[in-house]
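# Commentary on secondary and tertiary structure
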Amino acid sequence: MTDTVVTQTGADTAEPAIAGVSWPAVAAGAIVSCALTFVLLAFGIGLGLSVVSPWIGAGVSATTFKIGTGLYLVVIAMLSSSIGGYLAGRLRTRWLGVHSDEVYFRDTAHGFIAWAFASVLGAVLLASPASSLIGGAASDATQATASAASRSGPMDGYVDTLFRSDAPAAQNAGNAQDSRGEVARLFTSSFRNGSELKPADRDYVSKVVAARTGLSQADADKRVNEVVTQAKSDINAARKATAQLAFWLTASLLIGAFCASLAATEGGGLRDGTWRRKALG
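What you see is a predicted model, and the numbers here were worked out from it, not measured in a lab. (Residues numbered from 1 in each chain as written. Predicted model: local features only at pLDDT ≥ 70, side-chain atom pairs only at ≥ 80, totals over all residues. Heavy atoms only, no water.)

This next bit is on the overall build of the chain. Helix and strand counts for the chain come out as 9 helices and 0 strands. In sequence order, the secondary structure elements of the chain are arranged as α-α-α-α-α-α-α-α-α. Buried positions account for 26% of the 281 residues belonging to the chain. In the structure as shown, the chain presents an accessible area of about 17,900 Å², 64% of it carried by carbon and sulfur atoms. (Helix = DSSP H or I, 4+ residues; strand = E, 2+ residues; numbered from the N terminus. Buried < 20%, exposed > 50% of the residue type's maximum accessible area, 1.4 Å probe, protein only. Areas by Shrake-Rupley, 256 points an atom, 1.4 Å probe, with all protein chains shown as cover.)

In structure tokens form, the structure reads like this:
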């Protein structure tokens, strides 16, 4: 007798009809993650305002506040991304006929996509209120306030220090407003390009300060040097603070992506009933 063996080809290679990405689950996880982020941010703002103080020597130090803010951003990313990723994995449709390794990859991808969606959505929602506030403030401002704001600049405080005089009448000699505007433009253009005042500009500013304030030329030179040093220090401090915030944001986003992906695998495993077997195995 001859045994006939029938081999079915392609039985294990057929793709399931269900799509690999469950977009409703991803959207649900992203929205929840974004909402939790806003709630925790609001709580963090209130907590931060309660520990800082505008008075010197009161409240936490600036270094402590910056480190605490960075760590809190990481905590926000971990909590919101983990919950959003878990929901994205738990709510997705079950895939039948798919290898367990492929299921694990898809769950990880669901968490990552939910994190990415929440990040983009949060960026859009945070940008919109800022634009609305700026537009509303500009439309409601009076003409006089707008004119005064157009004359102000980031260097006005330093120019005020330069032209401060013990004899107020000396400040009214000549056209002081033109001198202030000229010096402010010199400061703004120099520091905007990342350089200091040119020697010729520094000498000119010293002469203007001496003429407007009644100081001796040596005292005027000393004041100009002090103001330039203070301006450089403030600009450098602002640059470092911005860089530190950018690093903390980057770290929080990367940690959030990892937490969302990991939580989605747990949610998907619990959805299919395979998480306990993986944990025990």
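The subject of this paragraph is the nonpolar core. In this structure, Phe187, Phe191, Leu197, Val205, Val209, Val224 and Val228 are the most contacted members of the largest nonpolar core, which totals 13 residues. Elements that contribute at least two residues to this core include exactly α6 (176-192), α7 (199-213) and α8 (217-272). Ranked by residue count, the leading element in this core is α8, at 5 residues. (Core = buried A, V, L, I, M, F, W, Y, C linked by side-chain atoms within 4.5 Å.)

Taken N-terminus to C-terminus, the directions of helix α1 (residues 23-51) and helix α2 (residues 62-90) make an angle of 155 degrees; their axes are 8 Å apart at the nearest point. Viewed along their axes, α1 and α2 adopt a mutual orientation that is roughly antiparallel. Crossing hand, α1 versus α2: right-handed. Residues Ala25, Val26, Gly29, Val32, Ser33, Leu36, Thr37, Leu40, Leu41, Phe43, Gly44 and Gly48 of α1 form the contact with α2, whose own contacting residues are Phe65, Tyr72, Leu73, Ile76, Leu79, Ser80, Ser81, Ile83, Gly84, Leu87 and Ala88. Of the residues in the contact of α1 with α2, the class split is 15 nonpolar, 8 polar and no charged. (Axes fitted to C-alpha atoms, helices over the stretch in contact; angles between N-to-C directions. Parallel < 35°, antiparallel > 145°, perpendicular 65-115°, else oblique. Left-handed = near helix turned anticlockwise from the far one by under 90°. Contact = heavy atoms within 4.5 Å. Nonpolar A, V, L, I, M, F, W, Y, C, P; charged D, E, K, R; others polar.)

In the contact formed by α7 and α8, the axes pass within 8 Å of each other and the chain directions differ by 120 degrees. Considered as vectors, α7 and α8 are oriented oblique to each other. Helix-helix and strand crossings are classified by hand; for α7 and α8 the assignment is right-handed. Contact residues: α7 offers Arg202, Val205, Ser206, Lys207, Val209, Ala210 and Thr213, while α8 offers Gln217, Ala220, Asp221, Arg223, Val224, Asn225 and Val228. A breakdown of the residues in the contact of α7 with α8 according to their chemical character gives 6 nonpolar, 4 polar and 4 charged.

For the rest of this paragraph, the subject is a nonpolar patch on the surface. A contiguous nonpolar patch, built from Phe43, Ile45, Leu47, Leu49, Val51, Val52, Val60 and Phe65 and spanning about 700 Å² of accessible area, is present on the exposed surface. In terms of residues, the nonpolar patch owes the most to one element, α1, which gives 5 residues. Along the chain, Leu47 falls in helix α1. (Patch = residues over 30% accessible without salt bridge, like charges linked within 9 Å, V, L, I, M, F, W, Y side chains within 5 Å. Salt bridge = Lys/Arg side-chain N within 4 Å of Asp/Glu carboxyl O.)

Right, let's get into α8. Under the 1.5 Å per step criterion, the end-to-end length of α8 is 82 Å for 56 residues, consistent within 8% with the ideal 82 Å. Directly after α8, the chain includes Gly273, whose backbone phi takes a positive value near 80 degrees. (Expected span 1.5 Å × (residues − 1).)

Attention now moves to α2. Here α2 spans 42 Å end to end across 29 residues, near enough to the 42 Å set by a 1.5 Å rise per residue. Every buried residue of α2 is listed here: Gly70, Leu73, Val74, Ile76, Ala77, Ser80, Ser81, Gly84, Gly85, Ala88 and Gly89.

Bringing the environment of Val51 into the picture now. Its place among the elements puts Val51 in helix α1. In this structure, the C-alpha to C-alpha distance between Val51 and Phe65, residues 14 residues apart in sequence, is 8.6 Å.

Glancing now at the packing of aromatic side chains. On inspection of all chains with the given rule, the structure shows 1 aromatic pair. Here the aromatic rings of Phe112 and Trp115 are separated by 5.2 Å at their centres, their planes lie at 40 degrees, and the arrangement is tilted. Note that Phe112 and Trp115 are positioned in helix α3 (residues 100-140) at a spacing of 3 residues, about one turn of the helix. Assessed through its relative accessible area of 43%, Phe112 is described here as partly exposed. (Phe/Tyr/Trp six-rings, centres within 6.5 Å; stacked < 30°, edge-to-face > 60°.)

The subject of this paragraph is the pattern of salt bridges. Evaluated as defined, the whole model comprises 4 salt bridges. One salt bridge connects Arg92 with Asp107, and the closest N-O pair in it is separated by 2.9 Å. On the criterion of sequence distance, the pair formed by Arg92 in the loop between α2 and α3 and Asp107 in helix α3 is long-range, its members being 15 residues apart. Just as Arg92 is buried, Asp107 falls in that class too. One salt bridge in this structure joins Arg106 and Glu102, with 3.1 Å as the shortest N-O distance. With Arg106 and Glu102 both in helix α3, this residue pair falls 4 residues apart, about one helical turn. For Arg106, a relative accessible area of 12% corresponds to the buried category. Accessibility expressed as a relative area gives 33% for Glu102, which makes it partly exposed.

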